[in-house]
Every structure is written in C-alpha cells, then in structure tokens.
Number of protein chains: 2
Amino acid sequence: MTKTIKIGLAGLGTVGVGVLKIIEAHGDLLEARSGARLVVTAVSSRDRNKDRGVSLDGMTWYDDATELVSDPDVDVVLELVGGSEGLARDLCTKALIAKKPVVTANKALLAVHGTELAKLAEDNKASLAYEAAVAGGIPIVKALREGLSANAIKRVYGILNGTCNYILTEMEETGGEFENILADAQALGYAEADPGFDIDGVDAAHKLAILTSLAYATPVDFDSVFIEGIRNVTAEDIANAKELGYRVKLLGVARRTKKGIEQRVHPCMVRKDTSIANVSGVYNAVVAEGDFVDGTVYVGRGAGEGPTASAVVADIIDIAADRHSATFGVPVKKMTDIPKVSIEEHRGCYYVCLTVYDRPGVIADVSAVFRDEDISIESLLQSGRSDEEAVPVILVTHEAKEAAVVRALSKIEKFPHSAAKPRMIRIVSL
Amino acid sequence: MTKTIKIGLAGLGTVGVGVLKIIEAHGDLLEARSGARLVVTAVSSRDRNKDRGVSLDGMTWYDDATELVSDPDVDVVLELVGGSEGLARDLCTKALIAKKPVVTANKALLAVHGTELAKLAEDNKASLAYEAAVAGGIPIVKALREGLSANAIKRVYGILNGTCNYILTEMEETGGEFENILADAQALGYAEADPGFDIDGVDAAHKLAILTSLAYATPVDFDSVFIEGIRNVTAEDIANAKELGYRVKLLGVARRTKKGIEQRVHPCMVRKDTSIANVSGVYNAVVAEGDFVDGTVYVGRGAGEGPTASAVVADIIDIAADRHSATFGVPVKKMTDIPKVSIEEHRGCYYVCLTVYDRPGVIADVSAVFRDEDISIESLLQSGRSDEEAVPVILVTHEAKEAAVVRALSKIEKFPHSAAKPRMIRIVSL
C-alpha cells in the first residue's frame, strides 16, 4: 500500500495557495517521485471565509495554527505564516519538539533564529527544510547543501531581491529616477505599498545570512550583515555605470577572506558581460564559487505563487522520500564560529561621484585627499564645464580599503567647492 | 564513533585523480557534511606504475576492476572507466548485484543501459548515482530529480558539450572556419585528437537522453535522439546569425509536445539576448522549464578534473548521508513509455542559406518551392550581386514542418542555378 504523507498547512497566502494547487494538479507525479501520496489534512489562516480559489474540502480548519501540530493526522507542518517572531516561530518550535518535520518559506525566521531551530531539529531528528526561503524557485539551498558539498566555498553572491532588480533594470532602461520607478513598480504590484523591507536590503540580507551559513558551515549571523539598500542610487549613477562598462545590481555577497567572512548587501557595479549583470527584471540569480567546481550560476524566479510553491513541495517530497540533510549542511555541533569582517575592513574598487563647483584647483584638492588616504585612482572624469553650476566628477579607484574611502569622501564633502554629498558604489569583480 | 565509507575506485584518469585530491584536501569538511569518513580503500586502473601525482598508499590495487566489488573493504564502487560496454558495464552490474552503491561519471553507459541498470539498482536497493555524467560540475541531475520535483517539465535544453561550444564561440569571435578552429582547439587540448564523439554531437546526445529520462520519467532512449553535429556550420552561417540577431549553439533539446517527446541535438540559432546565447567557451548550461517554477538556468564547467570530481564526490556524500533517489527520479515500474517524435515531425523556424547564380527568376523559383511546401517566409535577403559568381540568399522561415523544409531544400538543390548544397540551421525560440 502506498504511504500517505499528511500535511498541516499554516498560512493560506500566495504560497500556501500555490502549494494546494501543485498537490491538486500533480498528485500522481508527486507520488511517483516521492513514493508517497501527499495529502493536505489540516489548514490554518487568518480568515476562514476568504475565497482563495482552491478547495479546502476534507481539511480540518484551525483558527490557531499551533494546534495543527497536535493533530494526529498531521505528519509534516508547513509554516507559510511569515515573520521572524510570534506565530511562525512558535509553530516551528512546537512542531520540531513534537518531532514533526517542518517546511517553511520564512527567510526572516531562518535568518534570525536559524541556528537555534536547526539545533531543535537535530535534537528531535526532524527535518527543517526551507528551499523556498532563498531565491524562490531556484533550488540553491539544495545546490549548496548537497550539489556542491565536495567544495570549500570561496564566494557566494547573488541578486536576491526581485523588487530591487526590477527597479534597477527599469532605471537603466528608462533613465528614470528611483522614486518614480518605485511608484510605477508599486502600481504594477512589483513593489509593496510599504517597500522598505525590499528596497532597503533587509530581505536580501535575510537570504544572504542563510546562504552564508550554508556555504561556510557557520551559525547564521544576520546581525553582522552590512546592509545598504538602493534608495540612494541615482539615474546619473546608472548612466555613469553604463559609460564605464558596468551595470548596477543590488547584490548579497558572502566571501571568505584571511580575516574571516564578509557578509554584505549593497548596490554594486558589475561588469556588463558577467552572468549576473545580464539577469534582468524580477529574476533572481546566485553564483556559488567552489574550490574544485569553480563558478556555478543559478537563475530563476525568486518569488511568486508557482516558483515559491515549487520549492516548498520539493522539500515535502524530500521528506516523504526520507531524504534528510542537516539544516545548514552540517550539524550545529560541527559548525565553526568564523569571525565576521566588518565593512570598514573591506577592500575593493570604488566608483565615486562628486558634485563640485568647477573652480581652479578642485581636482588637485580632490586628488590630494585620495593620495593622503593611500587610495590610487584608476580614472577621473570631469564631464561638464560650467562657471555657474556644479559639475559631476566621476572617479574609479584601484583596490582600496573601505574605511579610507569613507574618510576621503567625508573630507571632500566639507570642501567649500563641494556642492552635494559625494556618492559611491562598490565595484565587484566577478 | 564516526562511520567510515570505504570506496573502491576504478579508473585513475583525470576524474579519478580529482576524486582522490578532493578526499585528501577536504577530509574533515566531507565528514561534517556526510556524517562519515570517506576513505578510498581500493583502486584499479590500466597502468599500475604510472605517476599520477597522488598517493595510493594504503589502497589495495586490483588489476581487474571487477574484483573491487568483492573486497569486503569496499562499500561504494566508483566507476570512472568509461564506455558503454565491457568493463564499465560489467563493473556496475556486478556492484549493484552485490548491493553496493555505484557512483559513475559515465554518460554513454547511462544513455545506453540506464534503464536496465536503474532496475538492477532498485531490485538490489543500491543507489546508482551519476551527477558527473551530465554537465560536469553543474548539479543538474539533482536539480531535475529533486529540486524541481514538484513540476511537470515542459522543456529541458542546454549546451551539453564544452568542445563544441568552445569551437562555435571561437568561430564567432575570430570569423574562422570550422576546420581551422578545430585544429587550434586540438592543439590547446580543448578537443580530442579523434574529435568525432564531441563535434558530431554523440556526447551531447548521451547527456540529453539522460536529461529526458529524468525530466519525463520515461525509459532512457538514446537511439531515438536526432543527432546532427557542428561540422557543417560555416563562418558564413555564423556571420549571418549575428546579422539576424542570433548566435549559433549546439543544443540538446528535449520537449514535450502533443505527439510525444522530441529529443534532438543539433546546431541552433538562439536570440543573442537569451541566457543560453551568452554562455561562452567551454562552459555548459542547462535550462529546465517547469509548469510551476517556470524557467530555471544552470551554468558551470561541464568537464575537467575539479568540476567532474566535485560531482562524483557529492554523490558519494549523498550515499554516505543515506540520501537515496530513484535513478531517474521515479522507480522503473512507474516510468511511462512516452512516444518519441521524429525530427521530420518537428515544427519550428529555419534559417536557410542558398548559394545560387544570380539569374533573373531565381528568387521567383525559390519562392515557388517554399509556397508549394506551405512554408511561409519571414525574410529573404540576397546580399550580393554578380553576373559571374554564385551569391548567397539568406532566408528565415516562419514556423514550418521539418519534412517540408527538407523537401524544399532538396528541390532547390536540383535547380540549374543552384551552385552549392543549401544549408539550414534550426532556430530555437527560448
């Protein structure tokens, strides 16, 4: 007789509904691939009466999602509630203690409480699976945890937020300013009414913290991720990037250096002929570089009903087929607490845009500041000339230390001929 | 006490040596990720005395690889011998019958005897793993078998042979003809002295047959793969492709249509702004399109010591960690024998290059042939004019049936004003 896997689903938003649709559409296929019949036996959500376009017939309704766990007709708990605290955390904790495997799409929860939940999962020999939490439909968690497991990872980076990538792509294609493109994106449903979580880089940082832990077998450490969003990227920066042979992307980058691990989310200039530069619109992409496999690239949809539900159901299939992995690739007791390198310690090349009054000596003064900070300049372009208006000066530095660049810009900002706050974007060599 | 996984390795070529290097370099890391110590206890290869730059100390040597299987100190057998028959097949068969899991990088073996070996693996409850057989370091087997398991696959295609992609990339970049670029590639070690297996598309077809089985849960059917290599692609075709906004790539394509499954390997014109068009040189890439996840792209090194060994060791880690999957994603008894659609039935757009004497009426005659075969022409360009020399006529068709295009070209070839055999390249819309 075929085994049945009984699923308790908490959260009937976009992803939850997508999961119900896949299970309904592909019952036989999922059974062939998992060796078990997947049946949703219990559901919970905020509003019982909302029409979601899917049938909940035969499923037990729970007003309190945590009660799903005690239902003897629930083998696996899907946490699709969201948020790093409260119900989501309680539900996962309770399920793991009850030795019931958990599948979640909750990046915030994993980024903040990942190690503690991983420990709980191990102690109770229950899987905690979260493929959907990072880069939606792209099976990057599985790739890092299993596919590339023979490698020490040198660097992992990616476009982890579709909203930001959409906005930056549109800014490049239309020449528009951030605020206008954001408003359009909101009207089209590509950005939330309250967009801060996406455009300020927090969502990407959650995902990066998870990727870092997977790549380096180190406890999840969201607090040490340096985060800078895309609000301050201007149309001028994007045009300058193009001129210099780059594109601007919001990347999450985790890199092992001699001093430890860098974890950073910020706008980057990337050479326009790289794989990542050519990932446009709402797509996500991750590049994982291993010492034996070299670079591998993964591209796909990072959000949306179908792609995210695809990842959730793949996790259920793994559980149904008895395939288990440590939450972050290695057991918690085998993790190493690797020091994190602060952004001040970062070394790289920088694009700098100054806005100055075009007076004699301004370039000499600017150059002197960079020289005093031991920053070598690769190129400098003063693109306009005006006796009245301030003009932009575009610099690209050779590899320099972040702290020195920050100090240099702070000195230049105080110049009498400085007309606006200097801007900089880190150049990432890929 | 830590579990030990004892490995018997047959074949000390590039990949075998790579595996030894990874196990030596990453003992602790592999143990943390697999829960077991990986130890190579037995080896076999053709020449015992060759210096391979790695130590074989403490490993039992077997002149006959199949004897590895009976060694009680061998838990897992690595078949890195190659070839679809003989030793490789005997070794895998014997190991599976002995209920010892097998890891192989052997695409030919899987393409020809995959279903039979999968059955043997199931009957004996032993894994048969082959991540390295398709696209080298890219974990595409795992992605299709597990990562995308919630989806019905609509199409899977890719650049599956690095030698061909290197040659086509060089032809585009230098404007050189195939024979010259091939000779250069051979001198550089990117093409074999006997290059037929790669450039005639056989290697790509082996990999495609495996991908098809994984994607569609159907028995491997190498014999029904349509294969056309890159020998007849000319510098003129590549220049014309560029002019039309395309690049020429050798793709393996498996597609589900109403009539069944198409499996074909041939040079393709792909729009130059697609992901696959931008994969250059020796890199491989696979695109898998699922009904829920939509398109996902995987890029990386398709061959070489490190990447291929990375895939082999990942398979060993899965076995050590007790993660098992059916060989092709579903058990053999759950496979469906889906009809294969012959290339004659294929419908698509075609690039056609005719070489004709520029006499009055030639275009009218050509057009009449296409009309009679019910092929609609999207564009037609006669690029030169000469009373003496033959000139090229470049056509792009709208969607048409392959058999009709072949008939049309055969008729045109017999024209008195035809100066050379017409060429065509299929255009793939991605």
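Residues numbered from 1 in each chain as written. Chains lettered and ligands numbered in written order. Predicted model: local features only at pLDDT ≥ 70, side-chain atom pairs only at ≥ 80, totals over all residues.

Q: Before we go on, may I ask you to explain the overall build of chain A in this structure?
A: Assigned secondary structure in chain A consists of 13 helices and 18 strands. Rg of the C-alpha trace for chain A: 24 Å, near the compact-globule value of 22 Å for 430 residues, within the 12% margin. Dimensions of chain A, computed from C-alpha atoms along their principal axes, come out at roughly 85 × 45 × 35 Å. For chain A, the residues scored as buried account for 55% of the 430 residues in total. Counting contacts in chain A only where the partners sit at least 6 residues apart, residues at least 24 apart contribute 75% of the total. (Helix = DSSP H or I, 4+ residues; strand = E, 2+ residues; numbered from the N terminus. Rg over C-alpha atoms; globule rule 2.2 N^0.38 Å. Buried ≥ 20, exposed ≤ 12 C-beta atoms within 10 Å, placed from the backbone. Contact = placed C-beta atoms within 7 Å.)

Q: Please explain the relation of the copies chain A and chain B as it appears in this structure.
A: Mapping between the two chain copies consists of a rotation about an axis together with a translation along that axis. For these two chains of identical sequence, chain A goes onto chain B by a turn of 180° and a shift of 0.0 Å along the axis, with RMSD 0.0 Å. Such a combination of turn and shift is consistent with a two-fold rotation axis. The overlap is high: 100% of the interface residues of chain A also sit at the interface in chain B, so the same surface is used on both sides. (Least-squares fit on C-alpha atoms with pLDDT ≥ 70 in both.)

Q: Explain unusual backbone geometry here, please?
A: Phi angles above zero are rare outside glycine, and A:Lys99 is one such case at about 65°. If you trace the backbone, A:Lys99 turns up in the loop between helix 3 (86-97) and strand 5 (102-104). Assessed through the 11 C-beta atoms surrounding it within 10 Å, A:Lys99 is described here as exposed. For B:Ala135, which is not a glycine, the phi torsion comes out positive at approximately 60°. Within the secondary structure, B:Ala135 sits in the loop between strand 6 (128-129) and helix 5 (140-147). A tally of 34 C-beta atoms within 10 Å means that B:Ala135 is categorised as buried.

Q: Where do I start with the packing of helix 3 of chain A against helix 4 (residues 107-123) of chain A in this structure?
A: A pair of packed helices is characterised by two quantities: the angle between their axes and the separation of those axes. Residues and elements named next belong to chain A. Here helix 3 crosses helix 4 at 15°, and the two axes come no closer than 10 Å. On the basis of the axis angle, helix 3 is roughly parallel to helix 4. Considering only the axes of helix 3 and helix 4, their crossing is right-handed. Contact residues: helix 3 offers Ala 88, Arg 89, Cys 92, Thr 93, Leu 96 and Ile 97, while helix 4 offers Leu 109, His 113, Leu 117, Leu 120 and Ala 121. A class-by-class count of the residues in the contact of helix 3 with helix 4 yields eight nonpolar, two polar and one charged. (Axes fitted to C-alpha atoms, helices over the stretch in contact; angles between N-to-C directions. Parallel < 35°, antiparallel > 145°, perpendicular 65-115°, else oblique. Left-handed = near helix turned anticlockwise from the far one by under 90°. Nonpolar A, V, L, I, M, F, W, Y, C, P; charged D, E, K, R; others polar.)

Q: Would you take a moment to explain the pairing of strand 2 (residues 36-44) of chain A for this structure?
A: Along any regular strand the residues' side chains alternate between the sheet's two faces. All names here are of chain A. Counted residue by residue, strand 2 has seven buried out of nine residues, so it is predominantly covered. Strand direction decides the pairing type here: strand 1 (residues 3-10) and strand 2, joined by eight bridges, are parallel. Across the sheet, the residue bridging to Thr 4 is Arg 37, located in strand 2. In terms of strand pairing, strand 2 meets strand 3 (residues 60-62) through three bridges, oriented parallel. Following the sheet pairing, Val 43 is matched in strand 3 by Trp 61. (Pairing = 2+ DSSP bridges.)

Q: Would you take a moment to explain the confidence of the model for chain A for this structure?
A: Regions with low pLDDT should not have their predicted coordinates read in detail. With 100% of its residues at a pLDDT of 70 or more, chain A shows a mean pLDDT of 96. Two numbers describe this predicted complex: its pTM, 0.96, and its ipTM, 0.96. (pLDDT = per-residue confidence, 0-100.)

Q: Can you help me understand the domain arrangement of chain A in this one?
A: Residue and element names in this part refer to chain A. One can read the domain layout of chain A as domain 1 (3-133), domain 2 (140-302 + 324-343) and domain 3 (346-427). Placing the centre of domain 2 and that of domain 3 at their C-alpha centroids yields a distance of 27 Å. Those elements that place two or more of their residues in the side of domain 2 that touches domain 3 are helix 10 (235-244) and strand 10 (260-271). Residues of the side of domain 2 that touches domain 3, tallied by class, amount to six nonpolar, three polar and three charged. (Domains from an automatic or database assignment.)

Q: I keep staring at the sheet that holds strand 6 of chain B and nothing clicks. Help me out?
A: Strand pairing in a sheet takes place through backbone hydrogen bonds and is either antiparallel or parallel in direction. Residues and elements named next belong to chain B. Taking strand neighbours across the sheet as the criterion, the six strands line up as 3-2-1-4-5-6 in an open arrangement whose pairing is parallel. Of all strands in the sheet, those bounded by a partner on one side alone are strand 3 (60-62) and strand 6. As judged from the two bridges shared by strand 5 (residues 102-104) and strand 6, these two strands associate in the parallel manner. Paired with Val 103 across the strands is Ala 129, a residue of strand 6. Against the sheet, helix 1 (residues 14-25) touches strand 1 (3-10), strand 2 (36-44) and strand 4 (76-79), its axis set at about 150° to strand 2.

Q: Even after reading the chapter, I still don't get the sheet that holds strand 2 of chain A, so can you show me in this structure?
A: Residue and element names in this part refer to chain A. Spatial ordering of the open sheet is given by 3-2-1-4-5-6, a layout of six strands whose pairing is parallel. The open sheet is flanked by strand 3 and strand 6 (128-129), the only strands paired with a single partner. Sheet topology note: the strand 4 (residues 76-79)/strand 5 ladder contains three bridges and is parallel. Bridging from a neighbouring strand, Val 77 pairs with Val 102 of strand 5. Packed on one face of the sheet, helix 1 (residues 14-25) meets strand 1, strand 2 and strand 4 and runs near 150° to strand 2. Packing of helix 3 onto the sheet brings it into contact with strand 1, strand 4, strand 5 and strand 6, and relative to strand 4 it is tilted by some 165°.

Q: Please explain helix 13 (residues 402-413) of chain A as it appears in this structure.
A: Since one α-helical turn is 3.6 residues long, residues separated by three or four positions face the same way. All names here are of chain A. Across its 12 residues, helix 13 extends 16 Å between first and last C-alpha, which sits within 8% of the 16 Å expected from 1.5 Å per residue. Those residues of helix 13 not exposed but buried are Val 405, Ala 408, Leu 409 and Ile 412. Buried residues of helix 13 fall within an arc of 95° about the axis and therefore sit on the same side. Its buried side turned inward, helix 13 meets strand 14 (347-357), helix 12 (362-372), strand 16 (390-397), strand 17 (400-401) and strand 18 (418-427). (Expected span 1.5 Å × (residues − 1). Arc of directions from axis to C-beta.)

Q: What's the story with the interface of chain A and chain B in this structure? I'm lost.
A: Size of an interface, as often reported, equals the accessible area lost when the parts are brought together. Contacts between chain A and chain B engage 46 residues on the former and 46 residues on the latter. Partitioned by chemical class, the residues of the side of chain A that touches chain B number 23 nonpolar, 15 polar and eight charged.

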